[in-house]
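Residues per chain, in single letters:
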Amino acid sequence: MSFNNFALKFSRYLPPEQSNKFSLEALKIISHLNLLDALFPKKTKEINSINLMGLNFPNRVGVAGGLDKNANYFHILGKLGFGFVEVGTVTLKPQSGNPKPRLYRFNDQETIINSLGFNNIGAFKALKNIEKNKKNFDGILGISIGKGKDIKIDRAHEDYLHLMDFFKDVGDYFAINISSPNTKDLRNLTKDDYFNNLVDKIMNKREQISKGFSAKKPIIVKISPDESIDNLEKIVTYCKQSGVDGFILTNTSLDHDYKIPGGLSGSQLRHKAEESLKFVRSIVGQETNIIASGGIMTKEDALNRFKLKADLIQLYSGFVFRGNELLQDCLEISST
Ligand SMILES: Cc1cc2nc3c(=O)[nH]c(=O)nc-3n(C[C@H](O)[C@H](O)[C@H](O)COP(=O)(O)O)c2cc1C
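Residues numbered from 1 in each chain as written. Predicted model: local features only at pLDDT ≥ 70, side-chain atom pairs only at ≥ 80, totals over all residues. Heavy atoms only, no water.

Student: Tell me about the overall build of the protein, and please be specific about residues and values.
Tutor: Across its full length, the protein holds twelve helices and 13 strands. On C-alpha atoms alone, the protein measures out to a radius of gyration of 18 Å, which is about the 20 Å that the 2.2 N^0.38 rule sets for 336 residues. In the protein, which comprises 336 residues, the proportion classed as buried is 59%. Sequence separation of 24 or more characterises 71% of the internal contacts of the protein that already satisfy a separation of 6 or more. Surface accessibility of the protein: about 14500 Å² in total, with carbon and sulfur atoms responsible for 52%. (Helix = DSSP H or I, 4+ residues; strand = E, 2+ residues; numbered from the N terminus. Rg over C-alpha atoms; globule rule 2.2 N^0.38 Å. Buried < 20%, exposed > 50% of the residue type's maximum accessible area, 1.4 Å probe, protein only. Contact = heavy atoms within 4.5 Å. Areas by Shrake-Rupley, 256 points an atom, 1.4 Å probe, with all protein chains shown as cover.)

Student: How would you sum up the environment of N119? Please name residues and give values.
Tutor: With respect to the helices and strands, the residue N119 is situated in the loop between β6 (111-114) and α5 (123-133). Overall, N119 belongs to the buried group, its relative accessible area being 16%. Taking C-alpha positions, N119 is 22 Å from L27, a pair spaced 92 residues apart along the chain. Once residues lying within four places of it in the same chain are set aside, the contact partners of N119 are E17, K69, Q95, S96, G97 and R102.

Student: Any details on the environment of R187? Residues and values, ideally.
Tutor: Within the secondary structure layout, R187 lies in the loop between β8 (173-177) and α7 (192-210). Each C-alpha atom of the pair R187 and I223 lies 9.2 Å from the other, and the pair is 36 residues apart in sequence. R187 has contacts with I178, S179, S180, P181, S224, P225, D226, T252, S253 and L254, leaving out every residue within four places of it along the chain. One polar contact links the side chain of R187 to the main-chain carbonyl oxygen of T252, over a distance of 2.7 Å. (Polar contact = N/O pair within 3.5 Å; in protein donor to acceptor, adjacent residues only side chain to side chain.)

Next comes the structure, spelled out in structure tokens:
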């Protein structure tokens, strides 16, 4: 049995929240012992590298938001072979998230339900972690930002703008998280009254923070798979005409039959995420960048997302259930 499979089997005996932390801490220790390459064989990191939004992605496979919420592990994930990592979602102030239990893993169905609610150490400490670890990272770093749980929806833009200021010197791109189902009112930000105003303010801030840089900091909006077709069309059209650089399709879904609160990820999200990708690509055309996320559990899933014209893909649940093997499979597929 490969070390990857042994570690995955072992981690399944732990409660899900501890299991994620255990696996990432174990990777960190293995990396410090210089054993990463021996235990997790990788082919090569530079596969089909691509320049998008002015950024050089060494390959097209990344880590989705939420796996490295506090920027403790992104440099290790880069060493495994990921071309880009999105840290966060970070909020301005530290927050402990929703009450536990808030993370459920259904191994047989390769499904995760979470209602974590942006538990994170806050912008100040996350920035320190990024500064410490970035020198050991050779990929593209995305910073996922979200509003704090107590912030009223009509003041939410202030959080996003502050966070952009905070991370402007360390993040390669910003992922604007308006699609987590676990923070009160967050998804209401895509309603008419708020959305256009939020996008306008974010794009103005982007102009401000890009002064003195040769390129503008890319802005990517992460979208829910539960948007109505009408609203999805409205929001992507507005983003495109406002100069938003791309979309992440999709976040977790509330459309499930588990009698547990929270968003669904993994195999059962595949279909919705693929449909969203198809629809948005048909609206925005080829120039807008799309990062596919949701239910990429096999190399066939990865291949299919590229066939549906995703520029990049991100893994979360697939990596939790399949580990390094899925990453290496995806890297191989993305070279074709
Ligand atoms: C436990 C957990 C925590 C997550 N936290 C975040 C987060 O903080 N920010 C974010 O943008 N997405 C978050 N996500 C969503 C993932 O980034 C991803 O979009 C989603 O899980 C769909 O991909 P998957 O089916 O490959 O898991 C989280 C997902 C899980 C399972």
